[in-house]
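Next come the chains, spelled out residue by residue.
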Amino acid sequence: MEVKTSLLDNMIGVGDMVLLEPLTEDSFLENLKKRFDHNEIYTYIGSVVISLNPYRSLPIYTPDKVEEYRNRNFYELSPHIYALADEAYRSLRDQDKDQCILITGESGAGKTEASKLVMSYVAAVCGKGQEVNKVKEQLLQSNPVLEAFGNAKTVRNDNSSRFGKYMDIEFDFKGDPLGGVISNYLLEKSRVVKQPRGERNFHIFYQLLSGASDDTLKKLKLERDVSKYNYLSLDSAKVSGLDDAANFRTVRNAMQIVGFMEDEMQSVLELVAAVLKLGNIEFKPESRCNGMDESRIKDKNDLKEMCELLGTEQSVLERAFSYRTVEAKMEKVSTTLNVAQAYYARDALAKNLYSRLFSWLVTRINESIKAQAKTRHKVMGVLDIYGFEIFEDNSFEQFIINYCNEKLQQIFIELTLREEQEEYVREGIEWTNIEYFNNAVICDLIENNQNGILAMLDEECLRPGTVTDETFLDKLNTICADHQHFESRLCKNSKFLNDHSLPHNCFRIQHYAGKVLYRVEGFVDKNNDLLYRDLSQAMYKANHSLIKQLFPEGNPVKVNLKRPPTAGFQFKASVGTLMSNLQTKNPNYIRCIKPNDKKASHVFNESLVCHQARYLGLMENVRVRRAGYAFRQGYEPCLERYKMLCKNTWPHWKGPARQGVEVLMTDLQVPAEEFSYGRSKIFIRNPRTLFFLEEKRKQCLEDLATLIQKIYRGWKCRSHFLLLKKSQIVVASWYRRYAQQKKYQQVKHATTVVQSYTRGWQARKLLRELKYQKKCEEAVTTISAFWHGTQVRREYRKFFRANAGKKIYNFTIQRIMQKYFLGLKSKLPSMSPIDKTWPARPYSFLDGVHAELRRIFHLWRCKKYRSQFTEEKKAVYEEKLEASELFKDKKALYPNSVRQPFKGDYLEISKNPKYQKLSSAVDEKILLADVVNKINRANGKGSPRLFLLTKKNVVLADQKTGQLKANVPLTDLASVSTSTQTDGFFALKLKEGSASAIKGDFLLSSDHLIEIITKLHRISSMAADREKLNIDISDEFLVQFKQDKVCVKFIHGSPKNGNSVSCKRKNNRLLEVSVPASS
Ligand SMILES: Nc1ncnc2c1ncn2[C@@H]1O[C@H](COP(=O)(O)OP(=O)(O)OP(=O)(O)O)[C@@H](O)[C@H]1O
Ligand SMILES: [Mg+2]
């Protein structure tokens, strides 16, 4: 169960000043101090939150804290800014009331921080979703962008807002944010060109210089060194606790999230850089012939770079700094500017450039964050405006800022003090009036249309003739002299004549928050806020889209001779709009208080706090709260809201609303002192009573929701049930149909099966019978055939036994042979005599026949082959055959000779004229002519000889001359010897006693040994009168050389001899022929 707590639990001091007892200024401050010392920086005055700046981060803004305060009643937990934000958000979401959060306090009191806390709380508790989150993020990220361009370090605050900001956050009916609209109020633009001692220019300048990359700076033509720029104060360029570089990255990132395009960001930075460059432009006087000084630019480099950045023509801008053109009706007058005027023009341009850029940023952010949906929005406005300021030197800006704060105080008084008290009187509630200071009189001093300070200033600015700040002060001195809050040394009122704290060029206003001394210098100028037309036209001419937009009045086509409204007038108008806007909304106040002037944590300066508490009217606020009622509501809305709490008023009350409320209160037994009946409203004294009613209502709503839920669920279940029932019938009917169909199919199938079985059985039975019948018939036929066979065999047996066997045998043999021959015929091998193939024999008994047939076939095909030969070819083959018979397997040279054809005449002797004589000497037909080597018996060397063979002779002649050396008749030849080896040595052995034998045998060697010897043998065998020539083949034979017999021995040659045959004489009786082994 949820534990109910209250702000009274564990309270330090009192959380709500309304409960303070006794109520004095001292106890008030003491309570604030006590709480502050215990880190309780928030205290309530009823629904107003007082916030003390802790000047350090406290762990009270965590997500857990957000959850803690979410959907809790305002007084349920200890005071917190989240409680106020939650209350405002819930009233907006649940009661459809537009809200505004008014954050007031002096500079540095924590207004901006408070506004950010409120926004972040609302962002955390409102709806979620991709689109919603994007809107939230954009709303939140608009803050860093605006702070960078609109905040600056002042002596009071390191992050002081130098512009006023009011942001309307728009929500849909569910409480989801849709978008927002930001209004900005008068940027303190004088800061761009000059900053008081100890203060800085706007943050963005420092952030750009320290955070931008070298590349970006180069593009912007800037240097990182702050001291290089006249517009940037040097003494406080660095602020402790402020990381400009990191903040620059945050700003760029925020701009991206908000929706700035890359080129837009670049344009913005270019303008910022241009302002810095502008500050560096310096002027020098140049005398003219008319004796006047005219300003000239000292160093044009900065001007050139600035013009490059903005895309303006240098000459145009240069001229605008030297001349001023005034247009009146149809006339144009051009006057020169002196150095002071040129500086004034330069600063005016810088201020305008920057403030217009700032306004453009706000418009651009608004474009991104504006709500897309056109439906009615609920609005929560957050106002964070510059705080009340009292400087040493207060000028027009402080006057404007303080005027705005006066107005805010006024609205606070209106809504909390005066309005409230007046209402009690109006409603007839018993009431003792409480005194408070109403600052309406100060507002009137400033803004009165007839004699207000702003009206006087405008009048002075628009007046023809010489107008100076002094004439303006004179005017004030006359007109406002009698005003009790206006003080001036020279006013009619002689009261201040001797007041030395009041210089002559100043006036003093007693603001609600204290007296402020304003120096009039610059009031007229700043109010006029004029920019020379030449400058605005030069800017309009720039080739830079953003600059063009910022200076629309520079468009020469749209020259407007009317004076633009003054700054004061514009501000007054926008503050007026703001006030009327705030008055339409339900206000929620955060009153920020600064505990000390040193920005120090843990320091509580009582007098400073007391001063703020006084001018903020906090004591009066507490008194009114204590005496008054916490809550009021019209009878109708009250009855409408709580009528469900009583049976008599629920659901409809027929009578007047007041009676209904009375019945309701009586029924709820609310004590009479807790409320009062006014004329049109009921006033509830204590918030606790209201919470009691709200709690009851919440419970009742829960019950009602349960009831609605119950009825709805009942209805939903019933209709669901009916639907189910209907569906069930449909399903059942479909199912039954399906089931019946299936059953029918099954029965049908079963019937077919039974039927087929029966038919099968019958058919099989019939088949069996028919088969049996057939078998019987076959049996009868077989028996009769056998019987007939037996009869016939018995009859023919005697004939069969005598002849049949032989006949069958012959017939079978005949058949086999026939088959064999036919088969062989079809499978005969080719006609080539060297083809060795022959079909296999089919039966072994055909062995002999088969071989014989093979032999016959071979002989037959050889005969066929031979029959194709001519006579010459036949002779050649016969010679080859003879050579084979003589040498095959006897001489190793033989296989090589088989392939060589026997040519016979290798020398073509009859045709060769060299051998003509020889051929004529040999009158017979030469059968062989070749060159041989005749082996010399003395050394075994060979000398070439012509070897001729005729039918009768062997002739040896000199190879060169053809001279006959020997003519040996074949009849003298006894034998021929040759070796078994591959050499060509042969010996022609002569018959002993023959005429030729006188010289001895011939040992010759020839390449055609086989042919020579074959031919010799053939001739001798063909001659009838001669005995056959002996051919002796052996590796050792004797040769008769004259008287000596020499043995010729053939050995296998040693490898050193190589592949050639060599013959060596070993001794008188031995010639050794070595033959290569492998040849
Ligand atoms: N709730 C807080 N917690 C911690 N520090 C705070 C808180 N509120 C303010 N501060 C500190 O005080 C400084 C000044 O606060 P802030 O800028 O909100 O003042 P301001 O009222 O907006 O002043 P100005 O009127 O000059 O804009 C902040 O920069 C911050 O350091
Ligand atoms: Mg601020």
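For the structure given in this document, a descriptive report is provided here. (Residues numbered from 1 in each chain as written. Chains lettered and ligands numbered in written order. Predicted model: local features only at pLDDT ≥ 70, side-chain atom pairs only at ≥ 80, totals over all residues. Heavy atoms only, no water.)

The coordination sphere of the magnesium ion (ligand 2) contains the protein donors T112 (OG1) and S161 (OG), at a distance range of 1.9 to 2.1 Å. Within this pair, whereas T112 is found in helix α4 (residues 111–125), its partner S161 is found in strand β5 (residues 160–161), the two being separated by 49 residues in sequence. Across the pair, exposure class does not vary: T112 and S161 are buried alike. (Donors = N, O, S within 2.8 Å, 3.2 Å for Na, K, Ca; no water. Helix = DSSP H or I, 4+ residues; strand = E, 2+ residues; numbered from the N terminus. Buried < 20%, exposed > 50% of the residue type's maximum accessible area, 1.4 Å probe, protein only.)

What follows covers a nonpolar patch on the surface. Together, V792, Y796 and F799 give the surface a local cluster of nonpolar side chains, amounting to about 330 Å² of exposed area. Tracing the backbone shows V792 in helix α26 (residues 687–826). (Patch = residues over 30% accessible without salt bridge, like charges linked within 9 Å, V, L, I, M, F, W, Y side chains within 5 Å. Areas by Shrake-Rupley, 256 points an atom, 1.4 Å probe, with all protein chains shown as cover. Salt bridge = Lys/Arg side-chain N within 4 Å of Asp/Glu carboxyl O.)

Inspection of the secondary structure assignment puts I297 in strand β9 (residues 293–297). The residues contacting I297, other than those within four sequence positions of it, are I281, E282, F283, K284, L303, E318 and F321. (Contact = heavy atoms within 4.5 Å.)

Bringing a positive patch on the surface into the picture now. On the surface, a cluster of positive charge is made up of R793, R794, R797 and R801. As for its placement among the helices and strands, R797 is situated in helix α26. Given a relative accessible area of 41%, R797 falls into the partly exposed group. (Lys, Arg positive; Asp, Glu negative; His and termini not counted. Charge placed at Lys NZ, Arg CZ, Asp CG, Glu CD.)

Glancing now at the site of ligand 1. Around ligand 1 sit 19 residues, and of these N53, S107, T112, S160 and S161 come closest. The side chain of Y61 places a nitrogen or oxygen atom 3.0 Å from a nitrogen atom of ligand 1. Side-chain polar atom of S107 to an oxygen atom of ligand 1: 2.6 Å apart, as the coordinates give it. Protein chains shield 86% of the accessible area of ligand 1, which is 620 Å² for the free molecule. Mapped onto the shell around ligand 1, the elements with two or more residues apiece are α4 and β5. Considered class by class, the residues forming the shell around ligand 1 number 5 nonpolar, 10 polar and 4 charged. (Near = heavy atom within 4 Å. Polar contact = N/O pair within 3.5 Å; in protein donor to acceptor, adjacent residues only side chain to side chain. Nonpolar A, V, L, I, M, F, W, Y, C, P; charged D, E, K, R; others polar.)

Across the sheet, 7 strands lie side by side as β1-β2-β16-β3-β12-β6-β7; this open sheet has mixed pairing. Looking at which strands have only one partner, the edges of the open sheet turn out to be β1 (42–45) and β7 (177–185). With strand direction ignored, the average angle separating the axes of adjacent strands in the sheet is 20 degrees. Pairing analysis gives 4 bridges linking strand β2 (residues 48–52) to strand β16 (residues 586–593), with the strands arranged parallel. Bridge pairing in β16 links I50 to R591. Across the sheet, helix α14 (residues 396–427) lies against β2, β3 (99–104), β12 (378–384) and β16, angled at about 125 degrees from β16, the strand it touches most. (Pairing = 2+ DSSP bridges. Axes fitted to C-alpha atoms, helices over the stretch in contact; angles between N-to-C directions.)

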